[in-house]
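Remarks on the overall topology
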Amino acid sequence: MEKVIMGNHAVSYGVQLARVQVIAAYPITPQTQVVEILSEFCADGLLDAKFIKVESEHSVMAAVVGASIAGARAFTATSSHGLALMHEVLHWASGGRLPIVMANVNRALGPGWNVWTEQTDSLAQRDTGWIQFYCETNQEVLDMVIQAYKIAETVLLPVMLVLDAFVLSHTEEPVDIPDQATVDRFLPPYQPKFRLQPGNPCSFYGLVGPEHWMELRYKMQRAMEQAVQVTQQVGAEFGQVFGRPYDVIEKYRMEDAEIVLVASGSIVGTSREVVDELRAQGQRVGLLKIRMFRPFPFAAMRQALAGVRKVAVIDRNISYGYGGIFASEVKAALYGIPDAPIIFPFVIGLGGRDVTPQSIHKIVQYTQQYDKPAEEIVWMEVKR
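Quick look at the structure, then. Just so it is clear, the model here is predicted, and its values are computed rather than measured.

Conventions we followed
- Residues numbered from 1 in each chain as written.
- Predicted model: local features only at pLDDT ≥ 70, side-chain atom pairs only at ≥ 80, totals over all residues.
- Heavy atoms only, no water.
- Pairing = 2+ DSSP bridges.
- Helix = DSSP H or I, 4+ residues; strand = E, 2+ residues; numbered from the N terminus.
- Axes fitted to C-alpha atoms, helices over the stretch in contact; angles between N-to-C directions.
- Expected span 1.5 Å × (residues − 1).
- Buried < 20%, exposed > 50% of the residue type's maximum accessible area, 1.4 Å probe, protein only.
- Contact = heavy atoms within 4.5 Å.
- 1 Å grid on protein atoms, 1.4 Å probe; cavity = no way out; pocket = protein on both sides within 12 Å on 5 of 7 lines; lining within 4 Å.
- Points joined across faces, edges and corners; volume = space filled by probe spheres on them.
- Polar contact = N/O pair within 3.5 Å; in protein donor to acceptor, adjacent residues only side chain to side chain.

**A word on the sheet that holds strand β7 (residues 159–164)**
On the basis of which strands lie adjacent, the open sheet formed by 7 strands has the order β3-β2-β4-β5-β7-β6-β12 and mixed pairing. The open sheet has two edge strands, β3 (50–53) and β12 (292–294), and neither has a second partner. Geometrically, the sheet is characterised by an average inter-axis angle of 20 degrees between neighbouring strands, direction not taken into account. Strand direction decides the pairing type here: strand β6 (residues 131–134) and β12, joined by 2 bridges, are antiparallel.

**Things to note about helix α13 (residues 357–369)**
Side chains three or four residues apart in an α-helix point the same way, a direct result of the helix having 3.6 residues per turn. For α13, which comprises 13 residues, the first-to-last C-alpha distance of 18 Å matches the rise-based estimate of 18 Å (1.5 Å per residue) to within 8%. All buried positions along α13 are accounted for by S359, I360, H361, I363, V364, Y366 and T367. Turning to α13, the residues buried within the fold contact β10 (259–263), α10 (267–280), β11 (285–290), β13 (310–315), β14 (342–347) and β15 (378–379).

**Side note on the layout of surface pockets**
Empty space within the largest pocket amounts to approximately 980 Å³. Taken together, 33 residues line the largest pocket, and the ones lying closest to its centre are G95, G96, R97, F204 and Y205. Of all the secondary-structure elements, those providing two or more residues to the lining of the largest pocket are α3 (57–69), α5 (87–95), α7 (138–155) and α9 (210–242). Looking at which element gives the most residues to the lining of the largest pocket, the answer is α9, with 5 residues. If you add up the space inside the second largest pocket, you get close to 230 Å³. Around the second largest pocket sit 13 residues that line it, and D127, G129, M220, Q221 and M224 are the ones nearest its centre.

**Re α3**
Along its 13 residues, α3 runs 18 Å from first to last C-alpha, staying within 8% of the 18 Å computed at 1.5 Å per residue. α3 sits mainly inside the fold: 10 of its 13 residues count as buried. Those residues of α3 lying buried are E57, S59, V60, M61, A63, V64, V65, A67, S68 and I69. The elements touched by buried residues of α3 are β2 (22–25), β3, β4 (74–78), α4 (80–85), α5 and β5 (101–106). The backbone nitrogen of H58 lies 3.3 Å from a side-chain oxygen of the residue at the head of α3, namely S56.

Okay, here's the thing in structure tokens:
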């Protein structure tokens, strides 16, 4: 069934199809509609789930951690300062090896107050042990919710799927909503090996001394590494069942490309249009979309960019004192490979400033004009 829905509701329908059992929520712009319609699904009997209202995002994450320990499929959504307030408990979710799924609607962090899109909030949580996916369209958002549970419950790590504030969250697009029976066959009920239950008392998350601590973290890292292959397998299986395959990265018109744009989120769609225009003019420009950010897909990235002369990385985020975060990760991934491409690190669109086709054209023109970037960070369309 195809419906025209906003990105926030694409998340909600994905959660309904995944038969989530516990939802904890605290409202924050621009994600509130995600949990608003989920509360209606629960009240109307369209989703058999416990909906828990709490007093803060810190409590939200504590509630879904508790639900997941008890063996329930658990979900929440947040944004910006709400995600920052969860920070402490994000570590408990990943360290506890709990397959929670959370949607984060990218929004700038204050001050000053800004409710528009920027990736700095989710990327600031990149070292918390959560798998991260960045979505380009509302269809990908819905599909990713379903896949996220399968990935999380295989490697036993939580998953954060990310969509841009307003550009996706409040923009309506046609979305194919799969039928429940097909989703049920793709995503069977969660069956945890260990869970908290009165009839079988167990101890969870006690004191761990130095003699065992490193081994726990080693296993987390191995699970992260395993998540790359699991994501590729789940994405391929999803394609066989639903006709829409996914991978950790996506190459677009990269054959014989001299310049490759690297982008994530909704900027990918704009870049795709520009690449088509430039290819029609005979210019050898391609596009690489990064879907998975944690774990970082090192092997796929190196393979995709081998032999490319120039790579323009488009960041809608900033690590203060360093630069764009995707650019720094791409540089690290390509370090030491023979004939590594020259990286052009662009920062653009912070705080929801529009990134238009003309913006992408400027990025391509800059990359064509210079042999190497003239600055450590190439700020685009900023008033200096």
